[in-house]
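These are the residues of each chain, in order.
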Amino acid sequence: MSRNVERILLLLAASGLSQRAIQDGVKMVEQFGGKEFVDRVMALRQRIQTSYSEMPYDELEAIEFGPRNERSEIANRVVELLLKETSFSTEQAVLELEKSLFEETLQRELHVRFRSKDGLRKWVERLMEYISPSVILHHATMIRNKFVHYQHADWPLRDRENE
Amino acid sequence: MPSLNGKVVTVLNMKGGVGKTTVSAHVMRVLYNQLRKKVLLIDLDSQFNLSQCLLPRNKYEDLKDQGSTIFSAMEPPSDVGLFDVATTDKPPPPTSELMKRFWQFQDGSAYLDLIPGSFELVKYSLIGDQHKLAAVQKRFLQFISQARSEYDLVVIDCNPSSSFITICALHACTYLLVPVRPDRYSVLGLELVVDLLDMLPTIHPKPEITILLNAIPRQNYDKSTENELRGHRRFGPKVLVNILRHSKLLEASSNYTGFATDKPVSYKNLLKTEIRSIVDELATRWEL
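Residues numbered from 1 in each chain as written. Chains lettered and ligands numbered in written order. Predicted model: local features only at pLDDT ≥ 70, side-chain atom pairs only at ≥ 80, totals over all residues. Heavy atoms only, no water.

### Structural notes on the overall build of chain A
Check the secondary structure of chain A and you find 8 helices and 0 strands. Sequence-ordered secondary structure for chain A, helices as α and strands as β, is α-α-α-α-α-α-α-α. Counting over 163 residues, chain A shows a buried share of 28%. Sequence separation of 24 or more characterises 63% of the internal contacts of chain A that already satisfy a separation of 6 or more. Of the roughly 11900 Å² of accessible surface on chain A, a fraction of 54% belongs to carbon and sulfur atoms. (Helix = DSSP H or I, 4+ residues; strand = E, 2+ residues; numbered from the N terminus. Buried < 20%, exposed > 50% of the residue type's maximum accessible area, 1.4 Å probe, protein only. Contact = heavy atoms within 4.5 Å. Areas by Shrake-Rupley, 256 points an atom, 1.4 Å probe, with all protein chains shown as cover.)

### A closer look at the side chain of B:Ser46
As for its placement among the helices and strands, B:Ser46 is situated in the loop between β2 (39-44) and α2 (49-54). With residues up to four places along the chain from it excluded, the contact list for B:Ser46 reads B:Ser118, B:Phe119, B:Leu121, B:Val122 and B:Asn159.

### So, the confidence of the model for chain A
All names here are of chain A. Averaged over every residue, the pLDDT of chain A is 76; residues scoring 70 or more account for 74%. Looking across chain A, the model is least confident in helix α4 (residues 60-65), with a mean pLDDT of 38, and most confident in helix α8 (residues 133-147), with 94. Throughout residues 50-66 the model reports pLDDT below 50, and contacts reaching past four residues in sequence, or to other chains, amount to 38 contacts. (pLDDT = per-residue confidence, 0-100.)

### So, the packing of helix α5 (residues 70-85) of chain A against helix α7 (residues 119-127) of chain A
Residue and element names in this part refer to chain A. With their axes 9 Å apart at the nearest point, α5 and α7 run at an angle of 125° to one another. Here α5 lies oblique to α7, going by the angle between them. Here the hand of the crossing between α5 and α7 comes out right-handed. In this structure, α5 contributes Arg71, Ser72, Ala75, Asn76, Val78, Val79 and Leu83 to the contact, and α7 contributes Leu120, Arg121, Val124 and Glu125. (Axes fitted to C-alpha atoms, helices over the stretch in contact; angles between N-to-C directions. Parallel < 35°, antiparallel > 145°, perpendicular 65-115°, else oblique. Left-handed = near helix turned anticlockwise from the far one by under 90°.)

### Comments concerning a nonpolar patch on the surface
All names here are of chain A. Taken together, the side chains of Met1, Val5, Ile8, Leu9, Leu12, Leu17, Ile22 and Val26 present a nonpolar region at the surface, about 710 Å² in accessible area. Only α1 (3-15) and α2 (19-32) provide two or more residues apiece to the nonpolar patch. The dominant element in the nonpolar patch, judged by the number of residues it contributes, is α1, at 4 residues. (Patch = residues over 30% accessible without salt bridge, like charges linked within 9 Å, V, L, I, M, F, W, Y side chains within 5 Å. Salt bridge = Lys/Arg side-chain N within 4 Å of Asp/Glu carboxyl O.)

### Considerations on unusual backbone geometry
Residue and element names in this part refer to chain B. Of note, the amide linkage connecting His204 to Pro205 takes the cis form, showing an omega dihedral of 0°. Assignment of secondary structure puts Pro205 in the loop between α8 (184-198) and β7 (208-216). Phi at Ala215 is positive, roughly 55°, even though this residue is not glycine. Located in the positive-phi region is Asn220, a residue other than glycine, with phi close to 50°. In this structure, Asn220 sits in the loop between β7 and α9 (224-230).

### Description of the nonpolar core
All names here are of chain B. Judged by nonpolar contacts, the single largest core of 56 residues is most densely connected at Ile42, Leu44, Tyr124 and Ile156. For this core, the leading source of residues is helix α7 (residues 164-172), giving 7 residues. Membership of the second largest hydrophobic core comes to 40 residues, among which are Val11, Leu31, Tyr32 and Tyr175. (Core = buried A, V, L, I, M, F, W, Y, C linked by side-chain atoms within 4.5 Å.)

### Thoughts on the sheet that holds strand β1 (residues 7-11) of chain B
Residue and element names in this part refer to chain B. Ordered by their spatial adjacency, 8 strands build an open sheet running β3-β4-β2-β5-β1-β6-β7-β8, and the pairing between neighbours is mixed. Strands at the two margins of the open sheet, each flanked by one partner only, are β3 (100-104) and β8 (244-245). Bridging between strand β6 (residues 175-180) and β7 involves 6 bridges; their strand directions are parallel. The partner of Leu177 across the bridge, within β7, is Thr210. Docked against the sheet, α7 engages β1, β2, β5 (153-158) and β6, running at close to 155° with respect to β5. (Pairing = 2+ DSSP bridges.)

### Let's talk about the confidence of the model for chain B
Scored by pLDDT, chain B comes out at a mean of 93, with 99% of its residues at no less than 70. Reported confidences for the modelled complex are a pTM of 0.82 and an ipTM of 0.84.

### So, the packing of α5(A) against helix α6 (residues 90-104) of chain A
Residues and elements named next belong to chain A. Between α5 and α6, the shortest axis-to-axis distance is 9 Å and the interhelical angle comes to 110°. One way to sum up the angle between α5 and α6 is to call them roughly perpendicular. The element α5 and its partner α6 pack so that their crossing is right-handed. Each of Val78, Leu82 and Leu83 in α5 lies in contact with α6, whose residues at this interface are Thr90, Ala93 and Leu97.

### Some remarks on the environment of B:Ala135
All names here are of chain B. Within the secondary structure layout, Ala135 lies in helix α6 (residues 130-150). With a relative accessible area of 32%, Ala135 lands in the partly exposed category. For the pair Ala135 and Thr87, spaced 48 residues apart in the sequence, the C-alpha separation amounts to 7.0 Å.

### A short note on α6(B)
All names here are of chain B. Here α6 is 21 residues long and its end C-alpha atoms lie 30 Å apart, about the 30 Å a rise of 1.5 Å per residue gives. Along α6, the residues that are buried comprise Leu133, Val136, Gln137, Arg139, Phe140, Phe143, Ile144 and Ala147. Looking straight down α6, one finds its buried side chains confined to an arc of 160°; they lie on one side. The exposed residues of α6 that point more than 90 degrees off its buried face are His131 and Lys138. N-cap assignment for α6: the residue whose side-chain oxygen lies 2.9 Å from the backbone N of His131 is Asp129. (Expected span 1.5 Å × (residues − 1). Arc of directions from axis to C-beta. Polar contact = N/O pair within 3.5 Å; in protein donor to acceptor, adjacent residues only side chain to side chain.)

Below, the structure is given as structure tokens:
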């Protein structure tokens, strides 16, 4: 049996169609011939692609890749910016980020104390419960840009007053 | 009085080829489904790339012949020609007359519609009479108000210029979504959008800007543009944490018409997962 035929049989088996429904499909092929069957499938495919239909996303698709742990990913990026790229110690990184965020949060005290046993990544993840991830990433990048010596672009973004 | 709860997003960057149409089509396709929202895409570009992306030519020509394009929201049908505009006291047509439905949920609670663009929009770059153009803008804004009472989100795909129709879109929107590729030209295009807004005192309050990094390479990625953008005092907080990575599925293809995530290929799931994260972030920023 060819691989293509195996795939079609597998699709039918997984489709949930009743035995009677599958037999009706076989009768249709016998009655109209293989070419008609193929033409109708191709026409339906075209219709699905270009005309309106009803198809909510299958929840299973999310499970295939697993839910992304976004906070963890963002925290990893912040750690990379502050430790790897700037070569700060953990204490320096915490100090710089706290100072920067303190200004952002209008001098309200950050209610998330750094605990050395948890490390920088966990602290950043906890910060995200109070401050938006994009703001934290922005501050981490600002700090990184301030301390990393890199060749300025010939067309840097303007830093206009009163912005 | 109809409720104007619908939000309006204009997708714009003064640089062409940064992904405005890609974002308008493929991100919003996922957004409509994931958030179960009524979404209207408007192709406000005389090059009508969004329409070309989603409609086969014969279908597009049929809709155009019927007058089912955004041009009908700007002017009533007439034979005034390229250098004049037609005006009327009648209201603009209902969205149902111009839109083409692509997807909907079985219970009708959410759907994704498109109003195609038209080359006829080019006439507004040839007309200098501001009084005539004001009438066109007024009609367009009335149309958008109507749409806001029928849809949760109206998305306007604009051409990369400071033309009259772009300014109409800026007047209409509450949010501005600026796709940016990791190159100097895209970033300059972002600055030019802000400059244009600053030069238009009649647009008040200014729409809230959201920046989406687009077409990010999956390997050998030079982060210098991203670092500059994220570290910028004004733009940094506006950059979405999630980025849209390069995908062959998002490229314009001569043998596929439609939304990228509807293409019957197995590897679309990675793209879907990535877009879903972007949609989650947009939902928070835009309070959808």
